[in-house]
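Examining the three-dimensional arrangement
Letter by letter, the chains look like this.
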Amino acid sequence: MTLYYRDEAVQVTSQAIRSGGQVVALADVTYVWHARGTTTLAVRGRVLGRGILVLLLSLPPLVAVVCVLSLAWSAQDRGQWKLALVILAAFVVIGLALTPFLEVPLGWLDRSYERGNRVHELWVQHQGQETMLVRTPDALRFGQIYRAVQRAVEQQGDRR
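These numbers come from a predicted model, not from an experiment.

Helix and strand counts for the protein chain stand at 4 helices and 7 strands. Written out in order from the N terminus, the α and β elements of the protein chain read β-β-β-β-β-α-α-α-β-β-α. Against the globule reference of 15 Å for 160 residues, the protein chain gives a C-alpha radius of gyration of 26 Å, more extended than a compact globule. Along the longest, intermediate and shortest principal axes, the C-alpha atoms of the protein chain span 85 × 30 × 25 Å. A burial count over the protein chain gives 29% of its 160 residues as buried. Within the protein chain, contacts between residues at least 6 apart in sequence are counted, and of these 60% link residues at least 24 apart.

So this is what it looks like as structure tokens:
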């Protein structure tokens, strides 16, 4: 028996697919497909949180550009370029010093994209019935499960 995928709720082997208390023998599977399920509140919250995070990461550079342009405009009127250059250098140094701290929010952003922005469903046709085996908003996990089922069914077909 070959194990293709296993987590706390789903197990895909060369003999069967176990999910949520259901066991489907691979020999009985005639067709596998995926569908987009209805969006949940958690998925909407993830997308909203991603948008807020992108906004918060975009605002400081935009504010800095406005400040630099304003500083250059006022320095031109007053002729105080030395003070403007010192302030600009301080902005650059502070910006470079804060750059490593972007790792945490950018990591959050990466993980939110890995998890996806919709609900995925895995369906199989076996013994003349259509059965939904997996429904998850986690795109990475769904992809792993779906690929494992594809490999298991392909191997089953090679044996026939």
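Resuming the write-up.
Attention now moves to the pattern of salt bridges. All told, the structure shown has 3 salt bridges when counted by the stated rule. With a closest N to O distance of 2.5 Å, D7 and R141 form a salt bridge. Here D7 is found in the loop between β1 (3-6) and β2 (10-13), whereas its partner R141 is found in helix α4 (residues 139-159), with 134 residues between them in sequence. Comparing D7 with R141 shows no difference in burial state: the two are buried. A salt bridge links R135 to E121, with the shortest nitrogen-to-oxygen separation between them at 3.1 Å. Of this pair, R135 sits in strand β7 (residues 129-136) while E121 sits in strand β6 (residues 119-126), placing them 14 residues apart in sequence. A relative accessible area of 12% means that E121 is categorised as buried.

Here we take up the environment of Q156. When you line up the elements, Q156 lands in helix α4. Sequence separation of Q156 and V29 is 127 residues, and the distance between their C-alpha atoms is 9.5 Å.

What follows deals with the nonpolar core. V12, V32, L122, I145 and V149 are the most contacted members of the largest nonpolar core, which totals 19 residues. Contributing elements (two or more residues each) for this core: β1, β2, β5 (29-37), β6, β7 and α4. Among the elements that line this core, the one with the most residues is α4, at 6 residues.

Conventions we followed
Residues numbered from 1 in each chain as written. Predicted model: local features only at pLDDT ≥ 70, side-chain atom pairs only at ≥ 80, totals over all residues. Heavy atoms only, no water. Helix = DSSP H or I, 4+ residues; strand = E, 2+ residues; numbered from the N terminus. Rg over C-alpha atoms; globule rule 2.2 N^0.38 Å. Buried < 20%, exposed > 50% of the residue type's maximum accessible area, 1.4 Å probe, protein only. Contact = heavy atoms within 4.5 Å. Salt bridge = Lys/Arg side-chain N within 4 Å of Asp/Glu carboxyl O. Core = buried A, V, L, I, M, F, W, Y, C linked by side-chain atoms within 4.5 Å.

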